[in-house]
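Below are the chains, spelled out letter by letter.
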Amino acid sequence: MNNLKPPQTDGSRQHTSSAFVRVFFASLAKSFSGWRDFHSASSSVAAKTMQSEIKKLVSQLDLHARRSFQNEMDSFYYLFTRYLGETKGGKLDWDKVKEPGPEQIISYDTLPKSTDSEHLSKLAVLKLNGGLGTTMGCVGPKSAIEVRNGMTFLDLSVRQIEFLNSKYDVNVPFILMNSFNTDEETKRIVQKYAAHKIKILTFNQSRYPRINKESLQPMPRSPNADISQWYPPGHGDLYDSLYNSGLLDQLIADGKEYLFVSNVDNLGAVVDSNILQHMVESNAEFIMEVTDKTKADIKGGTLVNYDGVVRLLEVAQVPPEHMQDFKSIKKFRIFNTNNLWMNLKAIKRVIDERELALEVIVNEKTLESGEKVIQLETAVGAGIKHFRNAHGVNVPRNRFLPVKSTSDLFLVTSDLYSLNHGELTMNPKRLFQTVPLVKLGDEFKKVSRLYFDDHHLSFANDRSENSECVKVLYFYSTIPQEAILIYYVYEISKVANFLARFQKIPHILELDHLTVTGDVTFGSGVELIGTVIIVANHGARIDIPSGAILENKVVSGNLRILDH
């Protein structure tokens with residue numbers, strides 16, 4: 001019989017294993033602590049370097065220009081240091097994200113109807129006007145694009161406010177927050193409204209330096225560096241810029257208490273007396289208009305309950321593993337329209353007491369030179385968490401009518417809508433009050449091209465194949481007790497890329513879905529019903545003849561109609 005010893009039972013092997021685990025985790029903790037110390041040290045160096053570079057920029061300006069620039073750079077530096085301090089990239093703790101309660105989102109249908117106009121005298125209207133029309137092929141302010149009956153976005157907004165002032169005998173001022181990309185041209189454009197019954201005010205949002213991604217240093221070495229080295233930091237800059245411009249104090253001194261903010265390209269964002277009255281009666285300092293989400297809105301920000309506080313949740317804050325939850329229509333059923341109502345004195349309090357801390361949105365870009373840069377931005381709706389009695393109001397979809405592309409432009413120029421005092425309303429003859437899904441191909445992408453040089457307003461001829469030169473008309477008018485003014489009226493030419501493809505926009509009252517790709521043109525009096533798909537392959541062309549009725553049709557191949 002072999003003299004075999006039984007296995008050891010004194011726990012030595014278990015002790016060895018436990019010791020290894022302790023050493024492993026101790027080493028891991030030490031490594032993490034080392035990484036954290038390294039990250040902290042690197043962030044500290046980056047912050048000091050950025051501060052030094054900002055001082056160099058500020059020192060190059062004279063005393064008159066230095067103050068406003070210093071305010072901008074202080075706000076930028078605050079945003080930059082917050083960016084350095086965020087180890088999780090601004091992502092929220094998903095376990096704390098809950099659906100908003102019934103008191104945090106109110107249905108518009110439950111709001112009492114406004115009975116008088118007394119609150120309108122305390123209202124100011126602000127449009128976010130910092131964007132260019134590049135996505136629609138326009139070089140210049142997007143607000144200068146013609147959208148309906150020869151009227152631009154600005155024309156429609158001015159007409160709305162002018163009618164409001166006249167109807168209720170009030171003086172609601174119209175404010176434009178421009179960016180350095182749109183400020184100069186916008187100031188020229190608004191001169192044509194001088195004879196209108198409307199007070200127009202403008203101010204410029206901040207100009208922040210782009211940050212080199214590798215060095216974390218600002219691109220510009222001079223305050224007058226090329227504009228490609230700067231960027232407007234998103235509409236969340238509204239609070240600081242309104243405050244720093246002096247306009248916030250001016251509005252309060254003029255007896256204004258409430259501010260209605262919206263995107264200049266949202267044609268559904270008109271003053272609503274019911275919401276204004278509800279704001280006053282509920283003592284809400286901030287109201288965000290939200291509306292029901294569709295599959296086209298899955299990336300839009302939404303309101304959530306976060307630790308008992310109503311907050312705006314943007315897609316950039318969502319952890320990757322929860323992205324599908326965020327896009328779900330069932331879980332997050334509403335989204336932010338960016339129609340916002342604010343109390344002016346509350347804005348001043350939040351800034352004076354330095355409570356404002358909007359979530360940092362990191363926007364990484366690669367320039368034409370190949371240089372990788374970072375832009376730090378904020379969203380104006382994120383301010384909702386700082387205001388008392390803040391909540392959302394779930395409004396009808398017709399208050400969200402943005403024009404972001406020529407497909408949207410196709411809809412608002414059609415018989416689907418009617419225009420009344422600058423306000424678009426859906427045609428009551430449409431059986432279902434929903435908007436058709438329209439997808440226009442690349443051939444329809446561009447509207448116009450504006451060119452400005454340094455000598456007031458002049459336009460360069462565009463000799464490209466698919467466009468015409470923009471025309472400008474000059475009107476001289478003598479106004480009593482004022483100098484002679486020059487009114488610049490912009491006539492956006494009907495270029496071949498979009499409007500010249502239609503003799504007249506088709507009738508679409510019964511349209512559900514339209515897809516058009518390739519070289520396609522439409523005659524006058526065309527009617528589209530149901531689902532219509534028109535595809536002209538490469539080298540082919542399709543001319544839809546005048547008077548044609550297409551109902552649930554797929555059109556492809558080659559169809560030419562020639563004059564004789």
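Computed from a predicted structure; not experimentally measured.

Caption draft 1: Structural detail: the overall build of the protein chain. Secondary structure assignment for the protein chain yields 10 helices and 28 strands. Excluding contacts between residues fewer than 6 apart, the proportion of contacts in the protein chain whose partners are at least 24 apart in sequence is 69%. For the protein chain, the computed accessible surface area is about 28,800 Å², with 51% contributed by carbon and sulfur atoms.

Caption draft 2: Representation of the sheet that holds strand E1 (residues 97-98) in the model. With respect to topology, three strands assemble into an open sheet ordered E1-E13-E14, the strand pairing being antiparallel. The open sheet is flanked by E1 and strand E14 (309-313), the only strands paired with a single partner. In the sheet, strand E13 (residues 302-306) pairs with E14 via five bridges, with the strands oriented antiparallel. From the neighbouring strand, Asn305 faces E14, where its bridge partner is Val310.

Caption draft 3: Structural view of the sheet that holds strand E9 (residues 211-212). The antiparallel open sheet is built from three strands, whose spatial order is E9-E17-E16. Each edge of the sheet is formed by a strand with only one pairing partner; in this case those strands are E9 and strand E16 (361-366). Examined bridge by bridge, E9 and strand E17 (residues 372-377) share two bridges and lie antiparallel to one another. The partner of Ile211 across the bridge, within E17, is Ile374.

Caption draft 4: Spatial organisation of the environment of Phe153. Within the element layout of this structure, Phe153 appears in helix H3 (residues 153-168). Taking relative accessible area as the criterion, Phe153 reaches 1% and is therefore assigned buried. Along the backbone, Phe153 and Leu267 are 114 residues apart, and their C-alpha atoms lie at a distance of 7.7 Å. Among residues more than four places away in sequence, those in contact with Phe153 are Lys142, Ser143, Ile145, Val147, Val264, Asp265, Leu267 and Val403.

Caption draft 5: Representation of the confidence of the model for the protein chain in the model. Of the residues in the protein chain, 82% have a pLDDT of 70 or more, and the chain-wide mean is 84. In this model residues 448-496 is a low-confidence stretch, pLDDT under 50, and it forms 104 contacts with partners more than four residues away in sequence or in other chains.

Caption draft 6: Structural detail: the pattern of salt bridges. One pass over the full model with this rule turns up 21 salt bridges. A salt bridge links Asp254 to Lys199; the shortest N-O distance between them is 3.8 Å. Taken together, the positions of Asp254 in the loop between helix H6 (247-253) and strand E11 (258-263) and Lys199 in the loop between helix H4 (183-189) and strand E7 (200-204) put the pair 55 residues apart, joining distant regions of the chain. Given the relative accessible area of 42%, Asp254 is considered partly exposed. Taken together, the shared-partner salt bridges connect Glu53, Lys56 and Arg221 into one network.

Caption draft 7: Seen up close, the packing of aromatic side chains. In the structure shown here, the tally under the stated rule is 15 aromatic pairs. Relative to Phe80, the ring of Phe76 has its centre 6.3 Å away and its plane inclined at 25 degrees; by these criteria the two rings are stacked. In this pair, Phe76 and Phe80 both sit in helix H2 (residues 63-85), four residues apart, roughly one turn of the helix. Like Phe80, Phe76 is buried.

Caption draft 8: Helix H9 (residues 344-352), seen in detail. Among all positions of H9, only Leu344, Ala346, Ile347, Arg349, Val350 and Ile351 are buried. Looking at the buried side of H9, the elements it contacts are helix H5 (238-244), H6, E11 and strand E15 (334-343). Put simply, Asn343 is the residue that caps the front of H9, since its side-chain oxygen is 3.0 Å from the backbone nitrogen of Lys345. Once H9 finishes, Arg354 follows within two positions and takes phi at roughly 55 degrees, a positive value.

Caption draft 9: Representation of unusual backbone geometry in the model. With a phi close to 50 degrees, Asn149 is a non-glycine residue in the positive phi region. Note on placement: Asn149 falls in the loop between strand E4 (146-148) and strand E5 (151-152). Taking the relative accessible area as the measure of exposure, Asn149 reaches 60% and is therefore exposed. Even without being a glycine, Asn389 presents a positive backbone phi close to 55 degrees. Looking at the secondary structure, you find Asn389 in the loop between E17 and strand E18 (391-394). You can call Asn389 partly exposed: its relative accessible area is 46%.

Caption draft 10: Focus on the nonpolar core. If you look at the biggest cluster of nonpolar residues, it comprises 41 residues, and the most contacted ones within it are Phe410, Leu514, Val520, Phe522, Leu528, Ile534 and Ile544. Top contributing element to this core by residue count: helix H10 (residues 406-412), with four residues. Residue contacts for Leu528: discarding those within four places in its chain leaves Pro506, His507, Ile508, Glu510, Leu511, Leu514, Phe522 and Leu550. Of all hydrophobic cores here, the second largest spans 37 residues; its members include Ala346, Ile347, Ala382 and Ile384.

Caption draft 11: Examining the environment of Val190 more closely. Residue placement: Val190 occurs in the loop between H4 and E7. Counting along the chain gives 12 residues from Val190 to Thr202, while the straight-line C-alpha distance between them is 9.6 Å. If sequence neighbours within four positions are ignored, Val190 has contacts with Leu176 and Ile200.

Caption draft 12: Up close: the pairing of strand E6 (residues 174-178). Along E6, five of the five residues are buried, which leaves the element largely enclosed by surrounding structure. Alternating positions in E6 separate into two faces, Phe174, Leu176 and Asn178 on one and Ile175 and Met177 on the other, with burial throughout. The sheet contact formed by strand E3 (residues 123-129) and E6 spans five bridges and is parallel. Across the sheet, residue Lys127 finds its bridge partner in E6, namely Leu176.

Caption draft 13: Just the layout of surface pockets, in detail. Roughly 650 Å³ of internal volume is contained in the second largest pocket. Elements supplying a minimum of two residues to the lining of the second largest pocket: H2, H5 and H9. At six residues, the largest contribution of residues to the lining of the second largest pocket is made by H2. Grouping the constituent residues of the lining of the second largest pocket by class yields 10 nonpolar, five polar and seven charged.

Caption draft 14: Inspection of H3 at higher detail. Given a rise of 1.5 Å per residue, 16 residues ought to cover 22 Å, and the 23 Å separating the end C-alpha atoms of H3 matches this to within 8%. Those residues of H3 not exposed but buried are Phe153, Leu154, Asp155, Leu156, Ser157, Val158, Gln160, Ile161, Glu162, Leu164 and Asn165.

Caption draft 15: View of the pairing of strand E26 (residues 527-535). With six bridges joining them, strand E24 (residues 511-517) and E26 adopt parallel strand pairing. By the bridge assignment, Thr517 is partnered in E26 with Val535. Here E26 runs beside strand E28 (residues 549-556); their pairing, made up of seven bridges, is parallel. Note on E28: the bridge partner recorded for Ile534 is Val555.

Each value, and the rule that gives it
- Numbers given to residues run from 1 along each chain, matching the order in which its sequence is written.
- The predicted origin of the model limits local features to residues at a pLDDT of at least 70 and limits the giving and counting of side-chain atom pairs to 80 or more, whereas totals for whole chains, interfaces and linings rest on all residues.
- Side-chain metrics in this entry use all non-hydrogen atoms of the structure; hydrogen atoms and water are not considered.
- Numbered from the N terminus, helices here are DSSP runs of H or I no shorter than four residues, and strands are runs of E no shorter than two.
- Residues count as neighbours in contact if any of their non-hydrogen atoms are within 4.5 Å of one another.
- We get accessible surface area from the Shrake-Rupley algorithm with a probe of 1.4 Å; when it comes to residues, only the shown protein chains can shield them.
- When DSSP finds at least two bridges between two strands, those strands are taken to pair.
- A simple rule labels every residue: compare its accessible area, found with a 1.4 Å probe on the protein chains alone, to the largest value its type can have, and call it buried under 20%, exposed over 50%, or partly exposed in between.
- One number per residue, pLDDT, summarises how confident the predictor is, and it ranges from 0 to 100.
- Any carboxyl oxygen of Asp or Glu that lies within 4 Å of a side-chain nitrogen of Lys or Arg is treated as forming a salt bridge with it.
- Within 6.5 Å between ring centres, the rings of Phe, Tyr and Trp (the latter by its six-membered ring) count as paired, and their orientation is classed by plane angle as stacked under 30 degrees, edge-to-face over 60, tilted in between.
- For this analysis, a polar contact is any N or O atom pair within 3.5 Å, provided that within protein one partner can donate a hydrogen and the other can accept it, and provided that sequence-adjacent residues contribute only side-chain to side-chain pairs.
- The criterion is simple. A nonpolar core is a set of buried Ala, Val, Leu, Ile, Met, Phe, Trp, Tyr and Cys residues joined through side-chain atoms within 4.5 Å.
- Only protein atoms enter the 1 Å grid used here, on which a cavity is any set of points holding a 1.4 Å probe that cannot leave and a pocket is any open set flanked by protein within 12 Å on both sides along at least five of seven lines; residues with an atom within 4 Å of a point are listed as lining.
- Grid points are joined across faces, edges and corners, and a volume is the space filled by probe spheres set on the points.
- Three residue categories are used. Nonpolar comprises Ala, Val, Leu, Ile, Met, Phe, Trp, Tyr, Cys and Pro, charged comprises Asp, Glu, Lys and Arg, and polar comprises the others, including Gly.
- To estimate the expected span of a helix, count its residues, drop one, and scale the result by 1.5 Å.

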